[in-house]
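Spelled out from the first residue to the last, the chains are:
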Amino acid sequence: MSFEISKWYNNYQAPTVLMIDDLSDAYIDKYPQSYKNDWGYLCEAEGSAYDFLKKNLLKKFPDIKITFFVPYLKHNVIHDHTKEDYKKFDVGEREAFINFLRQLETYGHEIAHHGSNHGEYINKDNLSTVNNFKHEWELFDNSKQGVETTVKGMEIFKKYLKNPIKGGKFCGYKQRENSLEIIDRSQLHYWCDDVNFNHKNYDYTLFGENKVISFPTNFAGNAFVRLSYITGNEKKDRQKKMTQYLQPIYNVLQYKNLNKLYKHGYIISIQEHISPSTSSGMVQSTNIITDIDSLNRIYDFLSSKSIWYATCQEIAHYIYTKDNSSLTFYANHLIIYFNNHKKLSNTMLSICSDREFTLSSKTETRVAETNNNQFVVNIDVQHGKNEFMVNKG
Ligand SMILES: [Zn+2]
């Protein structure tokens, strides 16, 4: 018999995560429908953005796991002098919002780092962010200042949340020469540092002294509506009037891209923002409201496949555990050496074989179950030697 450590948990073919950016305790009053204006301020109430997502996506696909990227101060993309039509608060200012974040954790979702206030406008009288916004990690002149600001966010969330922050995302995916060093020195475990929708060989890589996982962003949530929806940008919308008829052809390509990620067993990370509502009045590109039909198409496709629905953090934990483990098997003894130098908790591995087997530790015996054409057992592994007895099924 031979055994392997599965590439992904429970031997699933590929993991998927829905990434939602810019969840904030904020609201911009632009549309008659409250769920379009809501950046998180309405929490879970009827008419909130999350309520919309629940009713229009999560009800049909309850396995979906979401990583929410949450700035910890008032969101600066929401312009301070846009009349009286907005609300915004720091994390911790309103108990209702803290309770909402905690509730999201209990649903199995993740709260991740997304900077303090996201950055600042260059020309403060201009409401557009296009070429007029410096994103947070572009603004750190020295690493020390960047590390302090980043670690402060981790500490604030630690005060309120059950799960410590383990990763996050550069605001606007923008960085400069010291940005990766800041993430590395802040002892973060994974980071979304780059966006790549081109589906070249895109798997995770590692960076820095602490081998931080560079987590891919490789699929746009709006893929299946991209050529048809109105953005409020005149030039773009004029182009869309001409290209909208190409959407069905474009869709064929999108299914192909999804399938490619799946077949290779790459992480399928679906990129979204929480709200279409912006200070400039333009529709935020990729948002869960405008893209809801596209999201339904994506999950319709994935739901018939061997998919591990997980948060970024769960995926990053599995990668780390697998990359720091080795497996040997002789005379019915299966031994896994795991070097948990980062002292992570919840370290799981999946052991698979093409033959039936049972796996016994000192305390219990587990029967392998079939998944994705293999027999598989999921186990907790601890730092050092993990020893099991194997019996044929
Ligand atoms: Zn953002």
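What counts and what doesn't
Residues numbered from 1 in each chain as written. Predicted model: local features only at pLDDT ≥ 70, side-chain atom pairs only at ≥ 80, totals over all residues. Heavy atoms only, no water. Axes fitted to C-alpha atoms, helices over the stretch in contact; angles between N-to-C directions. Helix = DSSP H or I, 4+ residues; strand = E, 2+ residues; numbered from the N terminus. Parallel < 35°, antiparallel > 145°, perpendicular 65-115°, else oblique. Left-handed = near helix turned anticlockwise from the far one by under 90°. Contact = heavy atoms within 4.5 Å. Nonpolar A, V, L, I, M, F, W, Y, C, P; charged D, E, K, R; others polar. Salt bridge = Lys/Arg side-chain N within 4 Å of Asp/Glu carboxyl O. Buried < 20%, exposed > 50% of the residue type's maximum accessible area, 1.4 Å probe, protein only. Donors = N, O, S within 2.8 Å, 3.2 Å for Na, K, Ca; no water. Tetrahedral: all angles 85-135°; square planar, octahedral: opposite > 155°, others 65-115°. Domains from an automatic or database assignment. Expected span 1.5 Å × (residues − 1). Arc of directions from axis to C-beta.

Caption draft 1: Structural view of the packing of helix H2 (residues 49-58) against helix H8 (residues 292-302). Packing of H2 against H8 leaves a shortest axis separation of 10 Å and a crossing angle of 40°. The pairing of H2 with H8 is recorded here as oblique in orientation. Where H2 crosses over H8, the two elements pack in a sense that is right-handed. Contacts between H2 and H8 involve Phe52, Asn56 and Leu57 on the former and, on the latter, Ile292, Leu295, Asn296 and Tyr299. Class assignment for the residues of the contact of H2 with H8 results in five nonpolar, two polar and no charged.

Caption draft 2: Geometry of the pattern of salt bridges. Scanning the entire structure with this criterion turns up 16 salt bridges. Lysine 169 is the salt-bridge partner of aspartate 21, the closest N and O atoms lying 2.6 Å from each other. In this pair, aspartate 21 is assigned in strand E2 (residues 14-21) and lysine 169 in strand E9 (residues 167-169), connecting sequence segments 148 residues apart. As far as burial versus exposure is concerned, aspartate 21 and lysine 169 are alike and both buried. In this structure, the salt-bridge partner of aspartate 300 is lysine 60, at a minimum N-O distance of 3.3 Å. In this pair, aspartate 300 sits in helix H8 while lysine 60 sits in the loop between H2 and strand E4 (66-70), placing the two residues 240 residues apart along the sequence. A residue is classified by how much of its surface remains accessible, and aspartate 300, at 38% relative accessible area, is partly exposed. Each of Glu46, Asp51 and Lys55 takes part in a single network of salt bridges with overlapping partners.

Caption draft 3: Examining the coordination of the zinc ion more closely. Coordination of the zinc ion by the protein comes from Asp22 (OD), Asp22 (OD), His114 (NE2) and His118 (NE2), over a distance range of 2.1 to 2.8 Å. In this structure, the zinc ion is coordinated by four donor atoms arranged in irregular fashion, with angles at the metal of 50 to 130°. Read in sequence order, the donor residues for the zinc ion give the motif D-x91-H-x3-H. With aspartate 22 in the loop between E2 and strand E3 (25-28) and histidine 114 in the loop between strand E6 (110-113) and strand E7 (119-121), this pair connects stretches of sequence that are 92 residues apart. Taken as a pair, aspartate 22 and histidine 114 share a single burial class, namely buried.

Caption draft 4: Up close: the packing of helix H7 (residues 247-264) against H8. At a minimum axis separation of 11 Å, H7 and H8 run at an interaxial angle of 45°. On the basis of their axis angle, the class for H7 and H8 is oblique. Crossing of H7 against H8: the hand is right-handed. For the pair H7 and H8, contact is made by Asn251, Tyr255, Leu258 and Asn259 and by Arg297, Ile298 and Phe301, respectively. Among the residues making up the contact of H7 with H8, the classes are represented as four nonpolar, two polar and one charged.

Caption draft 5: Main features of the environment of glutamine 145. Relative to the helices and strands, glutamine 145 resides in helix H4 (residues 143-160). According to the relative accessible area criterion, glutamine 145 is partly exposed, its value standing at 33%. In this structure the C-alpha to C-alpha distance between glutamine 145 and leucine 161, which are 16 residues apart in sequence, comes to 24 Å. With near-sequence residues (within four places) excluded, glutamine 145 lies in contact with Leu139 and Phe140.

Caption draft 6: Geometry of the domain arrangement of the protein chain. Per the domain assignment, the segments of the protein chain are domain 1 (14-314) and domain 2 (324-392). Each of domain 1 and domain 2 has a C-alpha centre, and the two are 35 Å apart.

Caption draft 7: Molecular detail of H7. Between the first and last C-alpha of H7 there are 26 Å, a value that for 18 residues agrees with the 26 Å anticipated at 1.5 Å per step. Those residues of H7 that fall on the buried side of the exposure criterion are Gln247, Tyr250, Asn251, Gln254, Asn257, Leu258, Leu261 and Tyr262. Taken end-on, H7 shows its buried residues confined to a sector of 135°, consistent with a single buried face. Set apart from the buried face of H7 by more than 90 degrees, the exposed residues are Pro248, Ile249, Val252, Lys256 and Lys263. Structurally, H7 contributes buried residues whose contacts are with E2, strand E13 (219-220), helix H6 (234-243), strand E14 (268-273), H8 and strand E15 (307-309). Trailing H7 by a residue or two, glycine 265 shows a phi angle of about 70°, which is positive.

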